[in-house]
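The lines below spell out each chain.
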Amino acid sequence: MADPAARLSRSWRFVPLVVLAAAALLLLSGVLAGLYGERLYRAQKAREVGVQAEILAVTVSAAVVFDDAATAQEYIGALRANPEIEAAGVYDATGALVAGYHRAGAALPPRLPTATPPVFQGENLVITKPMIEAGSVVGTVHVRSVLEPLSRRFSRYGVTALLGAMGILLLGVLATAGAVLRRANNELRQRARALSAANDALRVQIEEREKAEEALRQSQKMEAIGQLTGGVAHDFNNLLMVASSGLDLMDRTKDAARRQMLKDSIRQAIDRGASLTRQLLAFSRRTALKPAVVDLATQVEGMRVLLDRSLREDIQVQFKFAPDLWPVEVDPHQMELALLNIAVNARDAMPTGGLIVIAGQNAPNIDEGELSGDFVRIAVTDTGGGMAPEMVTRVFEPFFTTKERGQGTGLGLSQVYGFSRASGGDVRIDSELDKGTTVTLLLPRSTKALTSLEPDAPEKEPERGQGRVLLVEDDDGVASVVGEMLRELGYEPVRAASAAEALVVLDQQRPFDLVFSDMVMPGQMDGIGLAREIRRQRPGLPVVLTTGFSEAAAAANQDGLRLLVKPYRIEQLAAQLQAAMNDPRAAG
Amino acid sequence: MLAFTLAMMAGGPARAASLEYPVKAAFLYKFAPFVEWPPRAFESGVSPLAVCVIGHDPFGATLDSAVAGKQVSGHALVVRRLETISAGSGCHIAYIGGSKAQSVADGLAAVQGSPTLTVTDQSMGSPRGAIHFVIKDNRVRFHIDEVTAVHNGVSISSKLMRLALSVRLRKGGRA
């Protein structure tokens, strides 16, 4: 990493060395300066005292030559004025002392035959100078001077030493600070590196976890498909058994009443099959919800008979709805189915009987993640055995069931979940072992006006019609049955197996009064494409689409096309065709 | 400044008398370093410097032994004893003791103008040369007459003059 911090610390690495070198250099130069100063001082002192000795030698020489000790003493006495000179003496040519003086503590050598170079004796400087007259040495002068006390000299050097020491101290502090800073930098870098490594490890773990979760989801899906296959196959086999045996028995009897009974049981089996597929599609959200704005209190009250019939006699149902309950926009049939599923589960949780309370109240200003705004809360509470926490988390999974095989499909609460989510709401489950379970539906409040519910068309005679109908259907079986139904209703059906074929038929044959087309077909063009093409080419020709797929249904709704959801009964077919033919949009 | 003592003469008068002439003999040649002669006084740089005793000789061998081997500025010292002195005697230092043949005053007059340092002695009479020995406080001392010296072309060092009891300075000369 070539970041500035690293570069900085790399350059800082040499600081202690530099500081040490500088300190050593400073110390050395201080010592040298001291020594040099000392040497200069000594040389200067030697020169000074030497000059005084020379002056004395010159002035006193005659007195020495003529043994004039008094005069010599006078000359020497002049030196007393200088406090640094503690002793001075003049000696004649034989080395004998002629005159001299000395302060207390100092002494003069009794004899001094010859001059010597300057001598430093401790804190003293001894200078001897020859007296020379006309080329001859006539005597010697001895001057002993006190040097400035070492302590005073050192105190003078001390200032320099102090400055040097302070400089060294400063450099030391700087070096220490640099080292500390560098260590801190290193630590920071290491922590950053560790953090980055930890981050990487975390990311890897997250990725691995996501992969594991994906694998888990996939395996759950496979498991679900397996359970679906078993459960649905079982249910459908039962229904098919009812239908098949009903048909067999119908062939063997002429009794009208018995035939009617068999017909009813076959019809019931088919209805249950349709209901089963509707539940499957609702769960997979592939069903087309038919939302309506409903008052839940009224809607649920209307279920009382249904509930009483579905539950056992030893189970009591209570309704507790707030009087000012807000309306909600839901598919009423899906909602009824959801409540029924919850109630059936509650019933099964109470094998020895109990109480089911269905309560409704407003839940204003909810703000929980996806959910925000006003909601209506429907809570279904039972007094059953409850569930363990690990089961609570799984009850909304499709095909998860605690019941015996054949007793349930495991789709009940899945339908509840699919319904609540598709309605823009949510479902929660609270359960405690041996205390009971509460399933709560949260449904978004609607501000729209209540929709007047059309009651299911009773078993009345379907309206008959007339005209040519182009039936577009790729499935031969369906085409055959629907063709029969159309003829039964008075229409004249012509079948086309694909959208392309339908367009050809429309071009070549006599005009048609209506096109009734499946939506999902093989080929380049599907039902919606065909409808659009017809609307473009023949604006007056009404088109009715049919499908079992909710996604296709949603697309048709978006295009404003008429739609009949499979499976449909002959009465529904008649009504839809009548409505399409009478539609002013299509007719105009 | 004018005080003069002789360290070696610490004893009484009797002793002083016995040491008087050896001291004077030493002084005679010791004057030489403090005196400057004109170049004409020497034939060459190495020609000897003559210390003459004119007439009465109170020193005897003392002077010879004191002078023996001595040199002053490259000039070897020699002792010469003469009855009389004249301008051509070639004496650089002349102790004029006087004799029947030539009195002290005559001797001084004879070398007037010639490069000779004339030395007289109180004990030999009152006439004074450039240097005049006296005894004061039992010590050998001397007076200096710079006028006489300058008249003879000889200059005396101020160092020597400071040791004199008195100095007769030449006019306009030094203090």
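Further up the page is the structure itself.
Here is a short report on the structure shown in this document. (Residues numbered from 1 in each chain as written. Chains lettered and ligands numbered in written order. Predicted model: local features only at pLDDT ≥ 70, side-chain atom pairs only at ≥ 80, totals over all residues. Heavy atoms only, no water.)

Looking at the sheet that holds strand 1 (residues 85-92) of chain A
Residue and element names in this part refer to chain A.
Alright, step 1. Here 5 strands make up an open sheet; going across it, the order is 2-1-5-4-3 and the pairing antiparallel. Each of the sheet's edge strands pairs with one partner strand only, and the pair in question is strand 2 (97-102) and strand 3 (119-121). Neighbour to neighbour, the strand axes of the sheet diverge by 15 degrees on average, direction disregarded.
Alright, step 2. The sheet contact formed by strand 3 and strand 4 (residues 124-133) spans 3 bridges and is antiparallel. Residue Val 119 lies in a different strand from strand 4, and its bridge partner there is Val 126.
Alright, step 3. Its contacts with the sheet place helix 3 (residues 69-78) against strand 1 and strand 2, and it is angled at close to 30 degrees to strand 2. (Pairing = 2+ DSSP bridges. Helix = DSSP H or I, 4+ residues; strand = E, 2+ residues; numbered from the N terminus. Axes fitted to C-alpha atoms, helices over the stretch in contact; angles between N-to-C directions. Contact = heavy atoms within 4.5 Å.)

Focus on the pattern of salt bridges
A side chain of one charge can pair with a side chain of the opposite charge when the charged atoms of the two come close.
Alright, step 1. The full count for this structure, using the stated rule, is 29 salt bridges over all chains.
Alright, step 2. Glu368(A) is paired through a salt bridge with Arg428(A); the nearest N and O atoms lie 2.6 Å apart. Linking Glu368(A) in strand 9 (residues 354-368) with Arg428(A) in strand 11 (residues 426-432), this pair joins segments that are 60 residues apart in sequence.
Alright, step 3. Overall, the relative accessible area of 27% leaves Arg428(A) in the partly exposed class.
Alright, step 4. Where Glu20(B) meets Lys24(B), a salt bridge forms, and the shortest distance between an N and an O atom there is 2.3 Å. One end of the pair, Glu20(B), and the other, Lys24(B), are both in helix 1 (residues 13-30), 4 residues apart, so they sit about a helical turn from each other. In terms of burial, Glu20(B) and Lys24(B) fall into one category: buried. (Salt bridge = Lys/Arg side-chain N within 4 Å of Asp/Glu carboxyl O. Buried < 20%, exposed > 50% of the residue type's maximum accessible area, 1.4 Å probe, protein only.)

A closer look at a negative patch on the surface
All names here are of chain A.
Alright, step 1. On the surface, a cluster of negative charge is contributed by Glu 207, Glu 208, Glu 210 and Glu 213.
Alright, step 2. Summarising the element assignment, Glu 207 is placed in helix 4 (residues 150-251).
Alright, step 3. On the basis of relative accessible area, Glu 207 is assigned to the partly exposed category, the value being 43%. (Patch = residues over 30% accessible without salt bridge, like charges linked within 9 Å, V, L, I, M, F, W, Y side chains within 5 Å. Areas by Shrake-Rupley, 256 points an atom, 1.4 Å probe, with all protein chains shown as cover. Lys, Arg positive; Asp, Glu negative; His and termini not counted. Charge placed at Lys NZ, Arg CZ, Asp CG, Glu CD.)

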